[in-house]
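# Breakdown of the fold
Listed below, chain by chain, are the residues.
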Amino acid sequence: MPFRRTINFTITAVLFLTVLPSSLFCAEPGETEKMLRQITPPISVIKEMEKETKPKDQWYFDCFYEPSLILQGNRTGRWGELTNTFGYTHQNIQGYFSISEYDRLGNNDYNANFGSYINMKNSYLRLETGFGWNVNYTYNFQTITEYAHKLIKNVFWQVGYNYRAYENSGDSHNVYPGLIYYFGDHYIAANYGIGWIESRDDSHFGMIKGNFRITDFLRLYGGTAFGERLYDIFGRAAHSETGYIVFTGVSLDVYKGISCRVGCSYGTEKPKFIKRSLNFDAMVKF
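Only a predicted model underlies this, so the values are computations on that prediction, with no experimental measurement involved. Along every chain, residues carry numbers that run from 1 in the direction the sequence is written. In view of the model being predicted, local features appear only for residues whose pLDDT reaches at least 70, and side-chain atom pairs are presented and counted only at 80 or more, with totals across whole chains, interfaces and linings using the full set of residues. Water and hydrogen atoms were dropped before computing side-chain values, which therefore reflect all heavy atoms in the structure.

## Quick look at the side chain of S277
Secondary structure elements are defined from DSSP: runs of H or I of at least 4 residues count as helices, runs of E of at least 2 residues count as strands, and each element is numbered from the N terminus. Mapped onto the secondary structure, S277 falls in strand β15 (residues 273-285). There is a polar contact of 2.5 Å between the side chain of S277 and the side chain of S68. Polar contact is defined as a pair of N or O atoms within 3.5 Å, subject to the rule that within protein one atom must be able to donate a hydrogen and the other to accept it, and that residues adjacent in sequence are counted only when both atoms are side-chain atoms. At 2.9 Å, the side chain of S277 and the side chain of K275 are in polar contact. Two residues form a contact once any of their heavy atoms are found within 4.5 Å. Not counting chain neighbours up to four residues away, the residues in contact with S277 comprise E66, P67, S68, G263, C264 and S265.

Here it is as structure tokens:
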């Protein structure tokens with residue numbers, strides 16, 4: 001409706017002119033960051049390709065919680081994410097359903113996603129689709145498609161595409177080709193990405209990430225992402241929203257079928273945004 005568009009434009013202009021940017025009007029607050037940190041498939045997906053026997057059917061439940069302190073323009077506040085994932089593995093298909101609650105400075109959004117990893121000989125395919133409700137800043141709808149195939153020995157090439165539809169801003173697209181190198185129970189992944197938002201310019205970003213088994217029950221992971229519009233908090237041109245993210249953590253197998261993970265991350269983006277996070281994750285297989 002024309003009247004509604006006029007009101008939205010007026011509110012946006014006032015916030016911009018007073019240098020009080022709000023997460024209600026940015027295109028994708030932190031969603032590209034989350035995609036970069038989860039861009040590599042679980043190592044179990046690839047390990048199953050090497051087995052001659054089919055894995056047994058198995059249910060699993062995963063709970064992820066991340067509290068964050070942020071500096072956004074001239075104000076500070078808290079972000080939070082709580083995601084619960086239910087999954088089931090049957091032969092070469094690992095299906096899952098997740099439901100997430102996001103808190104951005106007191107505004108709560110909810111997303112639900114359905115997806116699966118399909119393991120094939122020397123390759124895997126990931127498909128995911130999801131939607132949001134009570135939406136202030138996250139997507140109304142999203143789809144993810146990823147495909148990886150063995151290039152040579154333990155090196156896989158990978159390509160992914162992510163589409164998100166928003167209510168108050170242009171829809172976004174991300175394409176991220178890359179390479180994954182598996183050696184033993186470890187892997188290193190590197191990706192280069194191109195993103196664009198409708199009616200705005202394109203952005204570019206890169207990521208490198210590693211996951212290493214230290215002992216039979218302990219893993220160490222970490223990585224960094226850098227480039228343009230990793231958070232897109234201020235809604236500006238890509239070249240004026242450059243930044244980086246560093247993240248690390250440890251994963252511990254507590255007992256048979258039970259594991260937990262503790263990590264932290266630090267991200268920043270021009271002109272004035274900083275995010276400091278802790279994250280906790282627990283998984284049970286049964």
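## What to know about the confidence of the model for the protein
The predicted coordinates should not be examined in detail at positions where pLDDT is low. For the protein, the average pLDDT comes to 83, and 82% of its residues sit at 70 or higher. As a per-residue quantity, pLDDT reports the predictor's confidence and falls between 0 and 100. In the model, residues 1-25 has pLDDT below 50 throughout and makes 26 contacts with residues more than four positions away in sequence or in other chains.

## Some details on the packing of aromatic side chains
Two numbers describe a pair of aromatic rings. These are the distance of the centres and the angle of the planes. Only the six-membered ring of Trp is used, alongside the rings of Phe and Tyr, when aromatic pairs are assigned; centres must lie within 6.5 Å, and planes under 30 degrees apart are stacked while those over 60 apart are edge-to-face, with the rest tilted. Under the defined criterion, the tally for this structure stands at 14 aromatic pairs. Three or more aromatic residues link up through ring pairs in this structure, and these residues are W79, Y231 and F273. One cation-aromatic arrangement involves R104 over W79; the distance from NZ or CZ to the ring centre is 4.1 Å. We call a charge positioned over a ring when the NZ of a Lys or the CZ of an Arg lies within 6 Å of the ring centre and within 35 degrees of the ring normal.

## Brief notes about the environment of Y137
With respect to the secondary-structure elements, Y137 resides in the loop between β5 (123-133) and β6 (141-152). Put simply, Y137 and Y102 are 35 residues apart on the chain and 9.6 Å apart in space, counted from C-alpha to C-alpha. Polar contacts involving the side chain of Y137 include one to the main-chain amide nitrogen of R104, which spans 3.3 Å.

## Here we look at the environment of T224
The residue T224 is located in strand β12 (residues 218-228) in this model. Type-normalised accessible area, obtained with a 1.4 Å probe on protein chains alone, sets the label of each residue: buried when under 20%, exposed when over 50%, and partly exposed for intermediate values. You can call T224 partly exposed: its relative accessible area is 24%. As for T224 and I245, which are separated by 21 residues in sequence, their C-alpha atoms are 5.4 Å apart. At a separation of 2.9 Å, a polar atom in the side chain of T224 contacts the main-chain carbonyl oxygen of I245.

## Here we look at a nonpolar patch on the surface
Grouping into patches uses exposed residues only, defined as over 30% relative accessible area, and leaves out salt-bridged ones; the cut-off is 9 Å for like charges and 5 Å for nonpolar side chains (Val, Leu, Ile, Met, Phe, Trp, Tyr). Accessible surface area values rest on a Shrake-Rupley calculation with a 1.4 Å probe, where residue burial reflects the displayed protein chains alone. The salt bridge criterion pairs a side-chain nitrogen of Lys or Arg with a carboxyl oxygen of Asp or Glu, the two atoms within 4 Å. Together, W59, F217, L252, V254, Y255, I258, V284 and F286 make up a nonpolar patch on the protein surface, roughly 830 Å² of accessible area in all. In terms of residue count, the dominant contributor to the nonpolar patch is strand β13 (residues 242-255) (3 residues). Mapped onto the elements, V254 comes out in strand β13.

## A few points about the nonpolar core
Residues grouped as a nonpolar core are buried Ala, Val, Leu, Ile, Met, Phe, Trp, Tyr and Cys residues, joined through side-chain atoms within 4.5 Å. Core analysis: the largest hydrophobic core is formed by 15 residues, its most contacted members being W79, L230, Y231, I233, I245 and F273. Mapped onto this core, the elements with two or more residues apiece are β11 (202-213) and β13.

## Details of the pairing of strand β7 (residues 155-165)
Here the rule is simple: two strands pair whenever DSSP picks up at least two bridges between them. Summarising the sheet, β6 and β7 pair through 11 bridges and their orientation is antiparallel. Bridge pairing in β7 links T143 to Y163. Linking two consecutive strands that pair antiparallel, namely β6 and β7, is a turn of 2 residues; a positive phi of about 50 degrees is found at K153 within it. Sheet analysis places β7 next to strand β9 (residues 178-183), joined by 4 bridges and oriented antiparallel. Looking across to β9, one finds that W157 is bridged to L179. When β7 meets strand β8 (residues 172-175), the two strands line up antiparallel, connected through 4 bridges. Counted as the bridge partner of N162 is N174 from β8. Connecting the antiparallel pair β7 and β8 is a turn made up of 6 residues.

## Some details on the environment of K153
Position of K153 among the secondary structure elements: in the loop between β6 and β7. On the accessibility criterion, K153 (69% relative accessible area) is exposed. Each C-alpha atom of the pair K153 and F183 lies 9.8 Å from the other, and the pair is 30 residues apart in sequence.

## Side note on the pattern of salt bridges
Pairing between side chains becomes possible if they bear opposite charge and their charged atoms approach one another. Here the structure, examined in full by the defined rule, presents 9 salt bridges. Where D185 meets R213, a salt bridge forms, and the shortest distance between an N and an O atom there is 3.6 Å. Of the two residues, D185 is situated in the loop between β9 and β10 (186-197) and R213 in strand β11; the sequence distance between them amounts to 28 residues. The salt bridge involving E241 is made with R229; its shortest N-O contact spans 3.7 Å. Remark: R229 occurs in the loop between β12 and β13 and E241 occurs in the loop between β12 and β13; sequence separation between them is 12 residues. Exposure class is identical for E241 and R229. Each is buried. Among the charged side chains, a network of salt bridges with common partners joins R200, D201, R229, D232 and E241.

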